[in-house]
Every structure is written in structure tokens, then in C-alpha cells.
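Here are the chains, one letter per residue:
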Amino acid sequence: MTSTLALSDTFGSDLLRGIGAILLYGVVGLLLMFAGFYAIDWTTPGKLSQLVHRGLPNAVIVTASGLLSMAFIVVVAIFNSASDLTEGLITSLVYGLLGIVVQVIAVRLLEWATRIDVGSTIESEKFAPASIVVAAAHLALGLVVAVGIS
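Cut-offs used in this document
- Residues numbered from 1 in each chain as written.
- Predicted model: local features only at pLDDT ≥ 70, side-chain atom pairs only at ≥ 80, totals over all residues.
- Heavy atoms only, no water.
- Core = buried A, V, L, I, M, F, W, Y, C linked by side-chain atoms within 4.5 Å.
- Buried < 20%, exposed > 50% of the residue type's maximum accessible area, 1.4 Å probe, protein only.
- Helix = DSSP H or I, 4+ residues; strand = E, 2+ residues; numbered from the N terminus.
- Contact = heavy atoms within 4.5 Å.
- Salt bridge = Lys/Arg side-chain N within 4 Å of Asp/Glu carboxyl O.
- Polar contact = N/O pair within 3.5 Å; in protein donor to acceptor, adjacent residues only side chain to side chain.
- Patch = residues over 30% accessible without salt bridge, like charges linked within 9 Å, V, L, I, M, F, W, Y side chains within 5 Å.
- Areas by Shrake-Rupley, 256 points an atom, 1.4 Å probe, with all protein chains shown as cover.

Chemist: Explain the nonpolar core residue by residue, including any values.
Modeler: Counting 26 residues, the largest nonpolar core has M70, I73, I100 and I122 as the members making the most contacts within it. The set of elements that each furnish at least two residues to this core consists of α1 (11-43), α2 (48-53), α3 (57-79), α4 (85-114), α5 (118-123) and α6 (130-149). With 7 residues, α1 is the largest single contributor of residues to this core. Excluding residues that lie within four positions of it along the chain, I100 makes contacts with L32, A35, G36, A39, M70 and I73.

As C-alpha cells, this is what we get:
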């Protein structure tokens with residue numbers, strides 16, 4: 001006895017279209033993550049990539065939290081994008097970039113309000129509890145901005 005698997009006539013083209021969408025959204029997401037990292041790096045005292053490479057614990061904490069907060073924004077921007085692929089890619093890019101700008105401004109304002117010297121904190125070779133406050137600010141504001149996108 002043989003059985004056949006019933007697939008719709010458009011299964012192959014739907015599958016290829018889905019794979020293409022995943023790849024394109026992946027590229028948009030990666031570009032936004034790069035933009036987010038460089039926005040954090042540009043607005044934070046010190047060269048983050050070099051500080052992280054040196055293994056400075058506070059720089060690692062602040063950078064990791066910044067990247068996670070940017071990922072929240074990018075994921076929600078993609079999730080809430082239009083159902084049409086082209087429109088979805090454009091709205092993801094626009095919402096993602098706007099979210100990154102708002103995130104960077106908000107974190108800098110919060111750091112100013114708390115009077116944390118981020119430069120000396122991230123350049124310290126010893127763990128500084130203030131880096132957890134900065135990391136929490138990154139994550140909290142990333143979530144707020146992400147929800148704002150939705």
C-alpha cells in the first residue's frame with residue numbers, strides 16, 4: 001500500500017518565498033544591530049570594541065546590555081512590520097532606526113540624570129556596580145522603546 005503526502009500546489013513557491021523573507025529580514029536585522037552597536041559606541045565615552053576586547057568587565061556588561069536592548073527594538077520592529085514583504089522590510093528598517101535613535105537619547109539622558117560617569121566606569125579594570133545600573137537602563141529603555149513601536 002502506498003500513501004501520498006498531499007501538499008498544496010503552491011507549497012514550493014510559498015516555501016521559497018518564506019526562506020527569502022527570513023534571509024531579507026535577517027539582513028535588515030543585522031544591519032540594525034550594527035547600527036545600534038555603533039550608535040552605542042559613538043555616544044559612549046571610550047571605544048567600546050577595544051574595551052570589550054581587553055576584557056574590561058564593565059564595558060562588556062554595558063555593551064552586552066546595549067546590544068540586547070537594540071535586539072528588543074529590532075525584533076519588535078520586524079514583528080510589527082506590514083504583511084507585504086517590501087513594506088515590511090521598509091517599516092522594519094524605519095522603526096528600527098527610529099527606535100535606535102530614541103534608545104540612545106533616552107539612555108544618555110538617564111545617565112546624565114543619575115550622574116554616572118560612564119567613561120570611567122567602563123574603563124575600570126575592576127567590576128563597578130554602576131555598570132549594572134547603566135545595563136539596567138539600557139535594557140529597560142530598550143523594552144520601553146520596543147513596546148512603543150508596537
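Moving on from the model shown.
Chemist: So, the pattern of salt bridges: which residues are in play, and what are the values?
Modeler: Pairing of side chains with opposite charge becomes possible as their charged atoms draw close. In total, this model carries 3 salt bridges according to the counting rule given. Its salt-bridge partner being R17, residue D14 comes within 2.5 Å of it at the nearest N-O pair. One end of the pair is D14 and the other is R17, both in helix α1 and 3 residues apart, which spans about a single turn. Given a relative accessible area of 34%, D14 falls into the partly exposed group. In this structure R17 comes out as exposed when scored by relative accessible area, which is 52%. In this structure, the salt-bridge partner of D41 is K47, at a minimum N-O distance of 2.9 Å.

Chemist: Mind laying out the side chain of S131, listing which residues take part and the relevant values?
Modeler: Here S131 shows up in helix α6. Looking at S131, the relative accessible area reads 0%, which means it is buried. Among the polar contacts made by the side chain of S131, one reaches the main-chain carbonyl oxygen of A128 at a distance of 2.8 Å.

Chemist: How would you explain a nonpolar patch on the surface if you had to name every residue and give the values?
Modeler: Residues L5, L7, F11, L15, L16, I19 and L23 make up a contiguous nonpolar surface patch of about 740 Å² in total accessible area. Tracing the chain through its elements places I19 in helix α1.

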